[in-house]
Amino acid sequence: SIYTHKEIFLRELFANASDAIDKLYYKSLAEGATGLNRDDFQIFLAADKDSRTLRIRDNGIGMTQEELDQNLGVIAKSGSLKFKSENEKNEDIDIIGQFGVGFYSAFMVAKNVVVTSRAWGSDEAWSWDSDGIEGYTIKQAEKDSHGTTITLTLKDNTDDEDYDLFLNEHELKALIKRYSNYVRYPIVMECEVTRALPKPEDAGDDYQTEYETVSEI
């Protein structure tokens, strides 16, 4: 009820991803132990029309099993606000996602949300899964590197709502441009491109160029 437009969920999830990167970047400045620099960080967006899923991935600090339970299991509990409060004397800290309920805006468009996360320095990954109605589950998962991936399974279309908009490449590009001002890290998206296949060496003069559609970032 606090949001007028459903598309605002994307801004909120970008903000969460940016916060997670900020936390790891700050850790790298404070401890100098991550081996990462600012250019290594990014937020990744991909849409899959066949499975009706939207995936947002960051390579930020990630979350432990306990942090998934604490930060996502309680509405309006903001880990970002806690982090900022603990570091309020540092002028470099500018955490934008200070209202934990923002994460739940995802359920305006999704019938299921899975958050898979691996905390920096941990060998374990955990998955938080919820339909936004019947509570949530947390179980061990697999993830190659630190950070968080949020996978939204979009709601079915109705006479009044077209959720396919959030699977449309052009619509997503427009939303990224609109909300990229809220984050300080690059937002990259997987897009479909059509390219010509190489001409076979044994092709005759009547050969017609063939094309393929592939996904590229």
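**Structural notes on the overall build of the protein**
If you tally the helices and strands in the protein, you get 4 helices and 9 strands. Secondary structure elements of the protein, listed N to C terminal, follow the sequence α-β-β-α-α-β-β-β-β-α-β-β-β. In the protein, buried positions account for 41% of the 217 residues. Partitioning the intrachain contacts of the protein with sequence separation of at least 6 by distance along the chain shows that 63% fall at a separation of at least 24. Looking at the protein as shown, the accessible area adds up to about 12,700 Å², and 43% of this sits on carbon and sulfur atoms.

**A closer look at the pattern of salt bridges**
Taken as a whole, this structure holds 8 salt bridges when the rule is applied. Of the charged contacts, one joins Glu-7 and Arg-178 as a salt bridge, the two residues approaching to 2.4 Å between their closest N and O atoms. One end of the pair, Glu-7, is in the segment before α1 (8-31); the other, Arg-178, is in helix α4 (residues 169-179), with 171 residues separating them in the sequence. For Glu-7, a relative accessible area of 19% translates into the label buried. Between Lys-173 and Glu-169 there is a salt bridge, with the nearest N and O atoms lying 3.5 Å from each other. Remark: Glu-169 and Lys-173 occur in helix α4; sequence separation between them is 4 residues, near one turn of the helix. Residue Lys-173 is classed as partly exposed on the basis of its relative accessible area, which comes to 34%.

**A look at the side chain of Asn-59**
Considering the arrangement of structural elements, one finds Asn-59 in the loop between β2 (53-58) and α2 (65-72). A distance of 2.8 Å separates a polar side-chain atom of Asn-59 from the backbone oxygen of Asp-40.

**Let's talk about the environment of Leu-152**
Structurally, Leu-152 is set in strand β6 (residues 147-154). Along the primary structure Leu-152 and Asn-112 are separated by 40 residues, whereas in three dimensions their C-alpha atoms are 6.0 Å apart. Discounting residues that sit within four places of it in the chain, Leu-152 has contacts with Phe-9, Leu-13, Arg-52, Thr-53, Leu-54, Ala-106, Val-109, Ala-110, Asn-112 and Val-113.

**Considerations on the sheet that holds strand β5 (residues 136-141)**
Spatial strand order, β5-β4-β3-β6-β2-β1-β7: 7 strands in an open sheet with mixed pairing. Where the open sheet ends on each side, the last strands, each with one partner, are β5 and β7 (187-189). Ignoring which end each strand starts from, the neighbouring axes of this sheet average 15° apart. As judged from the 6 bridges shared by β2 and β6, these two strands associate in the antiparallel manner. Among the inter-strand pairings, Thr-53 is bridged to a residue of β6, identified as Thr-153. Sitting on the sheet, α2 touches β3 (110-118), β4 (125-130) and β5, and the angle it makes with β4 is about 25°. Those strands touched by α4 are β1 (43-48), β2 and β7, and its axis lies near 175° from that of β7.

**Quick look at the pairing of β6**
Counted residue by residue, β6 has 6 buried out of 8 residues, so it is predominantly covered. Where β3 meets β6, 8 bridges bridge the pair, whose relative direction is antiparallel. If you follow Val-113 over to β6, its bridge partner there is Leu-152.

**Some details on the packing of α1 against α4**
Any two packed helices are characterised by how steeply their axes cross, that is the angle between the axes, and by the distance between the axes. Between α1 and α4, whose axes approach to 10 Å, the crossing angle comes to 60°. When the interaxial angle is binned, α1 and α4 end up oblique. As for how α1 packs across α4, the hand of that crossing is right-handed. Note on element contacts: α4 touches α1 through Leu-172, Leu-175, Ile-176 and Tyr-179, opposite Ile-8, Leu-10, Arg-11 and Phe-14. Considered class by class, the residues forming the contact of α1 with α4 number 7 nonpolar, no polar and 1 charged.

Rules and cut-offs
- The numbering scheme is per chain: residues are counted from 1 as the chain's sequence reads.
- Given that this is a predicted model, residues contribute local features only at a pLDDT of at least 70 and side-chain atom pairs are listed and counted only at 80 or more, while totals for whole chains, interfaces and linings are drawn from all residues.
- With hydrogens and water excluded, all non-hydrogen atoms of the structure serve as input to the side-chain values.
- A run of H or I in DSSP becomes a helix once it reaches four residues, and a run of E becomes a strand once it reaches two; helices and strands are each numbered from the N terminus.
- Here's how the labels work: a residue is buried when its accessible area is under 20% of the maximum for its type, exposed when over 50%, partly exposed in between, all with a 1.4 Å probe on protein chains only.
- Contact between two residues is taken to exist if any of their heavy atoms lie within 4.5 Å; hydrogens are not considered.
- The Shrake-Rupley method, run with a 1.4 Å probe, gives the accessible areas here. Residue values count only the displayed protein chains as cover.
- Salt bridges are counted wherever a side-chain nitrogen of Lys or Arg sits within 4 Å of a carboxyl oxygen of Asp or Glu.
- Pairs of N or O atoms are called polar contacts if they sit within 3.5 Å, as long as, within protein, a hydrogen donor faces a hydrogen acceptor (for residues adjacent in sequence, only side-chain-to-side-chain pairs).
- DSSP-based pairing: two strands are paired if at least 2 bridges between them are found.
- All axes here are fitted lines through C-alpha atoms, helices being fitted over the stretch that makes contact, and every angle between N-to-C directions spans 0 to 180 degrees.
- We call two directions roughly parallel when the angle between them is under 35 degrees, roughly antiparallel when it is over 145, roughly perpendicular when it lies between 65 and 115, and oblique otherwise.
- Handedness of a crossing is defined here by the sense of rotation of the near helix relative to the far one, left-handed for an anticlockwise turn of less than a right angle and right-handed for a clockwise turn.
- Three classes are used: nonpolar for Ala, Val, Leu, Ile, Met, Phe, Trp, Tyr, Cys and Pro, charged for Asp, Glu, Lys and Arg, and polar for all others, with Gly counted as polar.

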